[in-house]
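Now for the letters of each chain:
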Amino acid sequence: MDVNQVYSFNFPAPIRFGPGASKELADYLKNHALSRPLLVTDGTVSQLPFFKDIQQDLEQKVLSVQVFNEMHKNPVKSDVLKGGEAYHETDRDCIVGIGGGVALDVARAIALRIFHKRDLFDYDDLIGGDKYVTEEVPHFVTIPTTAGTGSEVGRSAIISEDESKKKRILFSPKLMAKMVFADPLLTMELPPFVTAATGMDALTHNMEAYLAKNFHPMCDGIALEGIRLISDSLEIATHRPDVTSRAKMLLASLMGAVAFQKGLGVVHSLAHPLSSLLDTHHGLANAVNLPYGMQFNYEGCEDRFDKMADAFGLGNKQGNRVVQHLFEMNDTLNLPIKLSDIGVTQEHIAQLSGLAEADFCHPNNPRPVTKEDFKMLYTQAL
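Anyway, here's the lowdown on the structure attached to this text. (Residues numbered from 1 in each chain as written. Predicted model: local features only at pLDDT ≥ 70, side-chain atom pairs only at ≥ 80, totals over all residues. Heavy atoms only, no water.)

## Some remarks on the overall build of the chain
For the chain, the count of helices and strands is 13 helices and nine strands. If one aligns the C-alpha atoms of the chain with their principal axes, the spans along those axes are about 60 × 45 × 35 Å. Total accessible area on the chain is roughly 15300 Å²; 51% of this is exposed by carbon and sulfur atoms. The centroid of the 36 positive side-chain charges in the chain is displaced by 3 Å from the centroid of its 48 negative side-chain charges. (Helix = DSSP H or I, 4+ residues; strand = E, 2+ residues; numbered from the N terminus. Areas by Shrake-Rupley, 256 points an atom, 1.4 Å probe, with all protein chains shown as cover. Lys, Arg positive; Asp, Glu negative; His and termini not counted. Charge placed at Lys NZ, Arg CZ, Asp CG, Glu CD.)

## Considerations on helix α2 (residues 49-60)
In this model α2 runs 16 Å from its N-terminal to its C-terminal C-alpha over 12 residues, within 8% of the 16 Å that 1.5 Å per residue would give. Contacts from the buried residues of α2 go to α1 (25-31), β3 (37-40), β4 (66-68) and β5 (94-99). V62 sits one or two positions beyond α2 and adopts a positive phi of about 60°. (Expected span 1.5 Å × (residues − 1). Contact = heavy atoms within 4.5 Å.)

## Here we look at the sheet that holds strand β6 (residues 139-144)
Overall, mixed pairing links the seven strands, which are arranged β1-β2-β9-β6-β5-β3-β4 in an open sheet. Of all the strands in the sheet, just β1 (7-10) and β4 have a single pairing partner and so form its edges. Between one strand axis and the next, the sheet turns through 20° on average, direction left out of account. The strands that α2 touches are β3, β4 and β5; relative to β3, the one it contacts most, it runs at about 180°. (Pairing = 2+ DSSP bridges. Axes fitted to C-alpha atoms, helices over the stretch in contact; angles between N-to-C directions.)

## Quick look at the pairing of β6
Regular strands place side chains that alternate from one sheet face to the opposite one. Among the six residues of β6, six are classified as buried, and the element is accordingly described as predominantly covered. Of the two faces of β6, the one holding H139, V141 and I143 and the one holding F140, T142 and P144 are both buried throughout. Bridge count between β5 and β6: six bridges; the pairing is parallel. Bridging from a neighbouring strand, G97 pairs with T142 of β6. (Buried < 20%, exposed > 50% of the residue type's maximum accessible area, 1.4 Å probe, protein only.)

## Examining the packing of aromatic side chains
Scanning the entire structure with this criterion turns up four aromatic pairs. Measuring from centroid to centroid gives 5.2 Å for Y292 and F327, while their planes differ by 85°, and the two rings are edge-to-face. Placement of Y292 in helix α9 (residues 282-298) and of F327 in helix α11 (residues 322-332) is noted, with a sequence separation of 35 residues between them. Its relative accessible area of 8% is what places Y292 among the buried residues. (Phe/Tyr/Trp six-rings, centres within 6.5 Å; stacked < 30°, edge-to-face > 60°.)

See below:
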């Protein structure tokens, strides 16, 4: 990979990848006869210099720009409805999601909302709502600013109910971006914590996808390469960032999102309730739970752990070292290794376990997970 070059490839969405790729946005929109983008991002990103540069470049090329940045740290239905209103009230003709997983989920859900007028959660994929996605969606472009969720190449958005905070999945192939501009330069200024936490999110995607019980050998190969890239680059990207390490992490994030089309598992089901109940950063929740979830999965998956160990550079037939290596990674990245370090108490465990049992990820885990298992895992991690 030449870090001075911008590459084009399609998998599964069309992607322009490389330093400076985001500068192509204005010309891309003009070439597609689009002139009134709604830029969807979060309140933090909307104040950053690179975002201001993107906005200014669009305006200098005589495009009418509207910014929507009203969203919670864990996005809820009302965020999406407000974004849909902003799209219509300001007469937009396309949507550009710029940011991490939250902004891209909200942007994708807004894209669904524009021409689909049923209650938003009628489209929940877990209750067969994708059958109602019958209309077109606005032209949708994504620009990731973190290397974690890989949402830029996704087809779904996770949005919570405002009151209960229950997570719902909005899904349709129509929600895939028409173009992804993956520019590692936009991730260069990420603070160490965000780099580390989002990087561990990407690692969790790749590891859980590789272990997921569904048969999908193509996703398996992508997941192993994602693990290798993260092993090569996450510590450098966190503590001594350069363009090469940031580019490798961005690729690994894309790979994780492709790989987890195969499924996820117990770690995500442990992590999601922490975000819902305690508003914990999703990547951080995954990072803390990852070693414990992997320990739970080791028995019966020894061969796959050996292959992951090889991708980590731990050597041949070293799968029994993976869990300890994950603890060491968190420590090296200055991330906590105990739930008590992020505000979880014994009193939270019963409610967290109920939410985890109801979560949509663990049915694909290689080993069945009961409510009692979740209590045990949360207690171990406490």
